[in-house]
Amino acid sequence: MLRKSLYILFLLIVFTLNSCSSNLTKEEKRNIEIFKKNRDSVVFISTHQRVVDYYSLTRYTVPKGSGSGFVWDKKGHIVTNFHVINGASYAKVKLHNGKSYKAYLVGAYPRRDIAVLKIDAPSSELKPVTLGSSSNLQVGQNVYVIGNPFGLDWTMTKGIVSALNRKVPSNDGILLSGAIQTDAAINPGNSGGVMLDSSGRVIGVNSTIFSPSGGSVGIGFAIPIDLVKRVVEKLIIYGKYIKPSIGIETDDRINQYLKDTVGIKGVAILGIIRGSDAQKKGLIPASFYSDGTIDFGDIIIGVNGKRVENVLDLDDILESQKIGKTVMLDILRGNKKIKVPIKLMGLDG
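(A) Spotlight on the overall build of the chain. Of regular secondary structure, the chain possesses seven helices and 23 strands. The contacts in the chain between residues at least 6 apart in sequence include a share of 61% that link residues at least 24 apart. For the chain, the accessible area works out to roughly 18,000 Å², and carbon and sulfur atoms hold 54% of it.

As structure tokens, then:
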């Protein structure tokens, strides 16, 4: 009799579960599928800081903060935001199975708020994300965000791409360019987590929000995955970001002075790196005199037909190119506009 009752109870549970599942809409089923596909790839990162009690001279460790990250490959590389781990003495990474591993820093590129950590976890415990592309994103398409907001691990929210190519200040005051804007809820702790398309592929890394209150108000930003790919690959190989450069020295304070005094928007060349193609092609740097006056030499106003008004514009264009490739500079030399082809060199980011 007891066995029969248990069997009937089992059938009722199965029926109930099937009924609940069958009542889900196609959109809900897709949401669930995307979460299940990516949940195990997102990690929880907690950071710690070593401090000294100067009265007792005792060293101890205190929690510093937390954030998100995701598994890049089976070798244990974890991608997150630089500001998540900045200033920390060490970090711990908690995987989907609840196991935590001490992480060490492989490399970081603060300019783009990207960092790579590594943990010594068995490959069987690591589930890398599926990478998509950010090159063909459209305003209005659905996006999904998974992270650990306010320490609430493995949380997913949904929204749309609200805008593309935004320029916004990051948490550390560094200006991020080319960012993806979304209305999907991104809160403190989401930083370093994934932004996914409707196929469950990573299209961005959650980075920052615009909020007077500190919580989500429907304006969040992510770093495009195509940029992340380029940076992460170099960080893993070299431990630092080697960026494409035309071999010059610049300073946006001088560019602002150029704009304010002469009315020219562009990047003034202040110095030439020895052995660079810029030196070989005879680019002319500015001259500075003891009385405070500046004799401007060549001023870059465009690259490959795209307008350049400051160092950020120049970096954005060059970072989409490969080292060794030739770009065409639009140069203002005195009152003349000239074009100069320059072969890109590698320079520490």
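(B) Structural detail: the packing of aromatic side chains. One pass over the structure, following the stated rule, counts three aromatic pairs. When the centroid spacing of 6.5 Å and the interplanar angle of 35° are considered together, the rings of Tyr 257 and Phe 296 count as tilted. Taken together, the residues span a long stretch of sequence, with Tyr 257 in helix 5 (residues 252-262) and Phe 296 in the loop between strand 18 (294-295) and strand 19 (298-303) at a distance of 39 residues. Sitting above the plane of the Phe 44 ring, Lys 94 keeps its charged end 5.5 Å from the centroid. The positively charged end of Lys 102 is found above the aromatic ring belonging to Tyr 90, 4.8 Å away from the centroid.

(C) Inspection of the layout of surface pockets at higher detail. One number sums up the size of the largest pocket: a volume of about 560 Å³. Forming the boundary of the largest pocket are 20 residues, of which Asn 165, Ser 177, Gly 178, Pro 224 and Asp 316 lie nearest the centre. For the lining of the largest pocket, the secondary structure elements donating two or more residues are strand 8 (155-169), strand 9 (175-182), helix 4 (225-238) and helix 7 (311-318). Within the lining of the largest pocket, the residues separate by chemical class into six nonpolar, seven polar and seven charged.

(D) Broad picture of the side chain of His 77. Along the chain, His 77 turns up in strand 3 (residues 77-80). At 2.8 Å, the side chain of His 77 forms a polar contact with the side chain of Asp 73. Those residues in contact with His 77 that lie beyond four places of it in its chain are Phe 70, Val 71, Trp 72, Val 106, Val 116, Leu 117, Lys 118 and Ile 236.

(E) Examining the side chain of Asp 330 more closely. Mapped onto the fold, Asp 330 is located in strand 21 (residues 326-333). Side chain to side chain, Asp 330 and Lys 339 meet in a polar contact 2.6 Å long. Other than its neighbours up to four places away in sequence, Asp 330 contacts Ile 299, Ile 300, Ile 301, Gly 302, Val 303, Gly 305, Ile 338 and Lys 339.

(F) Region of interest: the environment of Gly 334. Tracing the sequence through the fold places Gly 334 in the loop between strand 21 and strand 22 (336-343). Separated by 37 residues in the primary sequence, Gly 334 and Gly 297 place their C-alpha atoms 7.4 Å from one another.

(G) Region of the structure containing the pairing of strand 7 (residues 142-147). Along strand 7, five of the six residues are buried, which leaves the element largely enclosed by surrounding structure. With three bridges joining them, strand 7 and strand 10 (residues 194-196) adopt antiparallel strand pairing. Its bridge partner lying in strand 10, Ile 146 is registered against Val 194.

(H) Focus on empty space enclosed by the protein. Under the criterion given, the structure shown has one cavity of 30 Å³ or more. Of the pockets and cavities examined, the largest cavity occupies roughly 40 Å³. As for the largest cavity, its lining consists of Arg 112, Leu 176, Ser 177, Gly 178, Ala 179, Ala 222, Ile 223, Pro 224 and Leu 227. Those elements that provide at least two residues to the lining of the largest cavity are strand 9 and strand 12 (220-224). Element by element, the count of residues in the lining of the largest cavity is highest for strand 9, at four residues. Across the lining of the largest cavity, the residue classes break down as six nonpolar, two polar and one charged.

(I) Helix 7, seen in detail. Across the eight residues that make up helix 7, a large majority, seven, are buried. Within helix 7, the full set of buried residues consists of Val 311, Leu 312, Asp 313, Leu 314, Asp 315, Ile 317 and Leu 318. Where helix 7 starts, the residue carrying a side-chain oxygen 3.2 Å from the main-chain nitrogen of Leu 312 turns out to be Asn 310.

(J) View of the pattern of salt bridges. Scanning all chains against the criterion turns up 14 salt bridges. For Arg 112, the salt bridge identified is with Asp 316, shortest N-O distance 2.6 Å. In this pair, Arg 112 sits in the loop between strand 5 (100-109) and strand 6 (114-119) while Asp 316 sits in helix 7, placing the two residues 204 residues apart along the sequence. Classification of Arg 112 by relative accessible area gives buried; the value is 3%. The salt bridge involving Asp 197 is made with Arg 201; its shortest N-O contact spans 3.0 Å.

Reading the values: rules and limits
Residues numbered from 1 in each chain as written. Predicted model: local features only at pLDDT ≥ 70, side-chain atom pairs only at ≥ 80, totals over all residues. Heavy atoms only, no water. Helix = DSSP H or I, 4+ residues; strand = E, 2+ residues; numbered from the N terminus. Contact = heavy atoms within 4.5 Å. Areas by Shrake-Rupley, 256 points an atom, 1.4 Å probe, with all protein chains shown as cover. Phe/Tyr/Trp six-rings, centres within 6.5 Å; stacked < 30°, edge-to-face > 60°. Lys NZ or Arg CZ within 6 Å of the ring centre and 35° of its normal. 1 Å grid on protein atoms, 1.4 Å probe; cavity = no way out; pocket = protein on both sides within 12 Å on 5 of 7 lines; lining within 4 Å. Points joined across faces, edges and corners; volume = space filled by probe spheres on them. Nonpolar A, V, L, I, M, F, W, Y, C, P; charged D, E, K, R; others polar. Polar contact = N/O pair within 3.5 Å; in protein donor to acceptor, adjacent residues only side chain to side chain. Buried < 20%, exposed > 50% of the residue type's maximum accessible area, 1.4 Å probe, protein only. Pairing = 2+ DSSP bridges. Salt bridge = Lys/Arg side-chain N within 4 Å of Asp/Glu carboxyl O.

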